[in-house]
Amino acid sequence: MEIIYRADDGTEFRNQTDCLLHERMSNLSHNKVINVKIAFFDVTKKLAKKYYNEDLDESDFSILDFMKYVELIVYDNYSKNFGKLNRLKSEMEGIIHKSKHSDMIMRQFDFDKARRKAEIRHNFANVLSKYEGDEIAKKLEFTLWTSDLCELAKLHKADCYRTQIEDLLTTDNYHELCARFAKGDYYIYAEQD
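Residues numbered from 1 in each chain as written. Predicted model: local features only at pLDDT ≥ 70, side-chain atom pairs only at ≥ 80, totals over all residues. Heavy atoms only, no water.

### Structural notes on the packing of aromatic side chains
So, point 1. Tallied over the full model, the rule gives six aromatic pairs.
So, point 2. A ring pair is formed by Tyr-75 and Trp-145, whose centres lie 5.3 Å apart and whose planes are at 80 degrees; its orientation type is edge-to-face. Residue Tyr-75 is located in helix α2 (residues 64-78), and its partner Trp-145 is located in the loop between α7 (133-139) and α8 (146-157); the two are separated by 70 residues in the primary sequence.
So, point 3. Measuring from centroid to centroid gives 5.2 Å for Phe-181 and Tyr-186, while their planes differ by 50 degrees, and the two rings are tilted.
So, point 4. Accessibility expressed as a relative area gives 0% for Phe-181, which makes it buried.
So, point 5. Taking the relative accessible area as the measure of exposure, Tyr-186 reaches 8% and is therefore buried.
So, point 6. The ring of Trp-145 carries Arg-121 above its face, with NZ or CZ at 3.9 Å from the centroid.
So, point 7. Here the basic side chain of Arg-180 rests over the ring of Tyr-187, its NZ or CZ set 4.7 Å away from the ring centre. (Phe/Tyr/Trp six-rings, centres within 6.5 Å; stacked < 30°, edge-to-face > 60°. Helix = DSSP H or I, 4+ residues; strand = E, 2+ residues; numbered from the N terminus. Buried < 20%, exposed > 50% of the residue type's maximum accessible area, 1.4 Å probe, protein only. Lys NZ or Arg CZ within 6 Å of the ring centre and 35° of its normal.)

### Observations concerning the pattern of salt bridges
So, point 1. One pass over the structure, following the stated rule, counts 11 salt bridges.
So, point 2. Across the pair Asp-65 and Lys-68 runs a salt bridge, and its minimum N-O distance is 3.8 Å. Here Asp-65 pairs with Lys-68, and both are found in helix α2, just three residues apart, close to one helical turn.
So, point 3. Of the residues examined, Asp-65 reaches a relative accessible area of 18% and is grouped as buried.
So, point 4. Assessed through its relative accessible area of 51%, Lys-68 is described here as exposed.
So, point 5. Across the pair Lys-113 and Glu-141 runs a salt bridge whose closest N-O atoms are separated by 2.8 Å. Of the two residues, Lys-113 sits in helix α5 (residues 111-122) while Glu-141 sits in the loop between α7 and α8, which places them 28 residues apart along the sequence.
So, point 6. With a relative accessible area of 27%, Lys-113 lands in the partly exposed category.
So, point 7. According to the relative accessible area criterion, Glu-141 is partly exposed, its value standing at 37%.
So, point 8. One salt-bridge network, in which partners are shared between bridges, spans Glu-71, Lys-113, Lys-117 and Glu-141. (Salt bridge = Lys/Arg side-chain N within 4 Å of Asp/Glu carboxyl O.)

### Things to note about the packing of α2 against α5
So, point 1. Packing of α2 against α5 leaves a shortest axis separation of 8 Å and a crossing angle of 50 degrees. Taken together, the axes of α2 and α5 lie oblique to each other. Crossing angle aside, the handedness with which α2 passes α5 is right-handed. Mapping the contact onto sequence places Val-70, Glu-71, Val-74, Tyr-75 and Tyr-78 in α2 and Phe-111, Ala-114, Arg-115, Lys-117, Ala-118, Glu-119, Arg-121 and His-122 in α5.
So, point 2. Looking at the contact of α2 with α5 residue by residue, the classes come out as seven nonpolar, one polar and five charged. (Axes fitted to C-alpha atoms, helices over the stretch in contact; angles between N-to-C directions. Parallel < 35°, antiparallel > 145°, perpendicular 65-115°, else oblique. Left-handed = near helix turned anticlockwise from the far one by under 90°. Contact = heavy atoms within 4.5 Å. Nonpolar A, V, L, I, M, F, W, Y, C, P; charged D, E, K, R; others polar.)

### Let's talk about the environment of His-97
So, point 1. With respect to the helices and strands, the residue His-97 is situated in helix α3 (residues 85-97).
So, point 2. Spatially, the C-alpha atoms of His-97 and Val-43 are 9.3 Å apart, while their sequence positions differ by 54 residues.

In short, geometric facts, not functional conclusions.
Put into structure tokens, the structure is as follows:
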């Protein structure tokens, strides 16, 4: 007969030591997670206020929203301020460095990755001419924005890079959308800007 130890959160272990260690770490990390979330929220709120004059609601916030905002800010500034991206990076770093948790936040701040994604999103045709769909999906971390889908629909409808676009959509798990594009059904995506 085997004894199963169950932690407070329901996780099961085969020995008591692992179970107790898990509970202890969970209790410690719970307080840390709350502080980490607050630290990322504070910085993201400042970024949203500076670049979009937008107030964020903490109840809807996830730590993942931090890099989403970084990517959105870089994307929005990519074409109109291309020569000033280094200044944008410095401004954003300045906001982060004012946080008492700046070391931890800076480890998650990847401006160069956000810049590479913006580069792809601003010129899908160029990128599709150089890379396969699955490679682009990896570079975008398997995330497509509505504006990306609109641009891909326009290119597909214009009979440009159809195979790569379909591969990208399939890799990103947009199977139904890929099937619609293949049938020539671009519905809302081809009409939006």
